[in-house]
Amino acid sequence: MLPDTPGSVRNTVDGSSSHSGHMNAPYASFDELQAAVADLAQATFAPMVDAAARIPGSALDGPEQVAAFRSLLQCWTQQGAWVHAPMGSRYSSRVPLPHFQDPHYEQCDRRWEKKWHAQHAGTSSPIPPLPPRPDMNYGWQVPATCPLLATTIDPDRWCKELRGRHTLLTGDLTQYQLHDLMLDALNKPTVCYGELGCKDHTVCTMPRKARLQFVRNDVLSTRTKVDLQHGSPTSDIIEWPYSRQLLWFRIFILNRSPVLEDDWTFAQELVETVANIRRMQPQALIIYRASIAGHPYCDDADAPLLYRDDDAPMTRWQRWFGTGQRNGTIGQPWTDAQRTQLPYGWSRHIRRNQLAQAIVEAAGGVYLDMATSLDLRPDAHLGGSDCLRFCMPGPLDDWATLLYNVFLALGMDTIP
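Residues numbered from 1 in each chain as written. Predicted model: local features only at pLDDT ≥ 70, side-chain atom pairs only at ≥ 80, totals over all residues. Heavy atoms only, no water.

Colleague: Describe the overall build of the protein chain, with residues and values.
Modeller: Helices and strands together make up the secondary structure of the protein chain, namely 11 helices and 14 strands. For the protein chain, the proportion of its 416 residues judged to be buried stands at 50%. At a minimum sequence separation of 6, the contacts of the protein chain that also span at least 24 residues come to 74%. When the accessible surface of the protein chain is split by element, carbon and sulfur atoms take 54% of a total near 20100 Å². (Helix = DSSP H or I, 4+ residues; strand = E, 2+ residues; numbered from the N terminus. Buried < 20%, exposed > 50% of the residue type's maximum accessible area, 1.4 Å probe, protein only. Contact = heavy atoms within 4.5 Å. Areas by Shrake-Rupley, 256 points an atom, 1.4 Å probe, with all protein chains shown as cover.)

Next up, the structure:
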């Protein structure tokens, strides 16, 4: 256990408080906090792994290859752009990833079909064939300086990279979508009775059997049994125990999104969680998925916040200031002032993601930045009361390809 100081208060989802056993450290700036978190991570993980020289669970060996992998991953996830490339047009060879899992995520297709029929009802002409949803006409394009290793997913090759290792996904409801996405990508239709009753699934049979399981634990707590809260459990925060299952798995994909406490407590508890995994599984591959912000009023969105359309004419602003590099760029991401207005603690995800990256990489893990791209997609949420999770199929299809490429790169001796 990491040292802590009694007497602090943790804020719950509904704004009430509960004692957490940690006190917010008096750091004057976020830079000071980052430095303190880096020191804590270094002190915790240095005796366990030489994070600069290797990533446990991968074929990468040596500081040069580890640095090359992290640079390549950053280029794929942070330097790409959403490009308007309608499916079926001369600009796009993309096809939607068939979705086999939770039917809840298919409501976007049903809503779009209903809207399309309503638009063409009452006319003498037959209703035209249903086109793809508007949000599916954008694809994530990586820079030419860091091309993907593969642009399409080969389930058999992905299974080869898993090498018979079982995978545990742990986190909240948004992490459950990643579970569904991997099952779709590996072409393994299965029945899962909700995120709380999800059993493990066989996702590969050759060359060796590999299984996948999701366990919902919103805060990645290390508790070993369910907290019954004196006979009155609540559903605000789910902490389903998974610690006893650690010995079965060799790949861990983690995420912690709810904002319940101060940043220092978040960092301490994440260090404790990752250290617990690293102690029990020294050679395990640990991947941490960045937390994604939701988009209020997502039903009103009809395009990404920022995207590229090479057919769009240059604006007067672009002709005046640009050198051609901004040609076709439309929209703008959130400003800092806009982010501070986001509800549910979403405005703090950037800070939390930076702290998580320092912790996970110090433990020899992989930080997977899904936020840079998906924070730009207010147009692809389930909508209604859910402006956090995404339609499936949808922009997560591009992330299936990116995740596949991550496993390909981790299996290489030399990063190109």
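Colleague: Can you lay out the packing of aromatic side chains for me, pointing to particular residues and giving the numbers?
Modeller: Per the counting criterion, the structure on display carries 9 aromatic pairs. Between Phe 249 and Phe 252, the aromatic rings sit 6.5 Å apart at their centres with planes inclined by 65 degrees, giving edge-to-face as the arrangement. The residues Phe 249 and Phe 252 share a single accessibility class, namely buried. Three or more aromatic residues link up through ring pairs in this structure, and these residues are Trp 158, Tyr 404 and Phe 407. (Phe/Tyr/Trp six-rings, centres within 6.5 Å; stacked < 30°, edge-to-face > 60°.)

Colleague: Lay out the nonpolar core with the relevant residues and their values.
Modeller: Within the largest apolar cluster, 63 residues are counted, with the highest numbers of intra-cluster contacts made by Phe 69 and Trp 158. Of the residues forming this core, the biggest block, 11 residues, is contributed by helix H11 (residues 396-410). (Core = buried A, V, L, I, M, F, W, Y, C linked by side-chain atoms within 4.5 Å.)

Colleague: Give a description of the sheet that holds strand E8 (residues 251-254) that names residues and reports values.
Modeller: Strand pairing in a sheet relies on backbone hydrogen bonds. The paired strands run either parallel or antiparallel. The 6 strands lie next to each other as E6-E7-E5-E8-E9-E12, forming an open sheet whose pairing is mixed. Where the open sheet ends on each side, the last strands, each with one partner, are strand E6 (201-204) and strand E12 (366-368). Each neighbouring strand pair of the sheet contributes to a mean axis angle of 25 degrees, computed without reference to strand direction. Inspection of the sheet shows E6 paired to strand E7 (residues 210-216) by 3 bridges, in the antiparallel sense. Paired with Thr 202 across the two strands is Arg 211, which belongs to E7. (Pairing = 2+ DSSP bridges. Axes fitted to C-alpha atoms, helices over the stretch in contact; angles between N-to-C directions.)

Colleague: Report on the state of the cysteines, specifying residues and quantitative values.
Modeller: Under the criterion given, the structure shown has 4 disulfides. Each disulfide pairs two cysteine sulfurs, and for Cys 159 the partner residue is Cys 204, the sulfurs being separated by 2.0 Å. Its S-S torsion of approximately -85 degrees makes the covalent link between Cys 159 and Cys 204 left-handed. You can see Cys 159 sitting in helix H4 (residues 155-162) and its partner Cys 204 sitting in strand E6, a full 45 residues away along the chain. (Disulfide = S-S within 2.5 Å.)

Colleague: Give a detailed account of helix H1 (residues 30-45), specifying residues and quantitative values.
Modeller: When the terminal C-alpha atoms of H1 are compared, their 22 Å separation across 16 residues agrees well with the 22 Å that a helix rising 1.5 Å per residue should span. When H1 is considered as a whole, its buried residues turn out to be Phe 30, Leu 33, Ala 36, Val 37, Leu 40, Ala 41, Thr 44 and Phe 45. For H1, the angular spread of the buried residues around the axis is 145 degrees, confining them to a single face. Within H1, the exposed residues directed more than 90 degrees away from the buried face are Asp 31, Asp 39 and Ala 43. (Expected span 1.5 Å × (residues − 1). Arc of directions from axis to C-beta.)

Colleague: If you had to explain the pattern of salt bridges to someone new, which residues and values would you point to?
Modeller: According to the stated counting rule, one finds 15 salt bridges in the structure shown. With its nearest N and O atoms 2.6 Å apart, the salt bridge here joins Asp 263 to Arg 352. Here Asp 263 is found in helix H6 (residues 263-280), whereas its partner Arg 352 is found in helix H9 (residues 349-362), with 89 residues between them in sequence. A relative accessible area of 3% means that Arg 352 is categorised as buried. Notably, a salt bridge pairs Asp 386 with Arg 389, separated by 2.7 Å at the nearest N-O pair. (Salt bridge = Lys/Arg side-chain N within 4 Å of Asp/Glu carboxyl O.)

Colleague: Before we move on, can you summarise the side chain of Asn 137 with the specific residues and values?
Modeller: Mapping Asn 137 onto the fold places it in the loop between helix H3 (107-120) and strand E4 (138-141). Overall, the relative accessible area of 14% leaves Asn 137 in the buried class.

Colleague: Give a detailed account of H6, specifying residues and quantitative values.
Modeller: Look at H6: 26 Å from first C-alpha to last across 18 residues, which is about the 26 Å you get at 1.5 Å a residue. Taken across its 18 residues, H6 has 16 buried, putting it largely inside the fold. Two to three positions downstream of the cap, the backbone nitrogen of Trp 264 sits 3.2 Å from a side-chain oxygen, assigning the N-cap of H6 to Asp 262. (Polar contact = N/O pair within 3.5 Å; in protein donor to acceptor, adjacent residues only side chain to side chain.)

Colleague: Could you give an account of the pairing of strand E9 (residues 285-289), naming the residues involved and the relevant values?
Modeller: Within E9, 5 of the 5 residues are buried, leaving the element largely enclosed by the surrounding structure. The side-chain alternation of E9 yields two buried faces, one formed by Leu 285, Ile 287 and Arg 289 and the other by Ile 286 and Tyr 288. By the bridge criterion, 4 bridges tie E8 to E9 in an arrangement that is parallel. From the neighbouring strand, Ile 251 faces E9, where its bridge partner is Leu 285. Relative to E12, E9 runs parallel, the two being bridged by 3 bridges. What sits directly across from Arg 289, in E12, is Leu 368.

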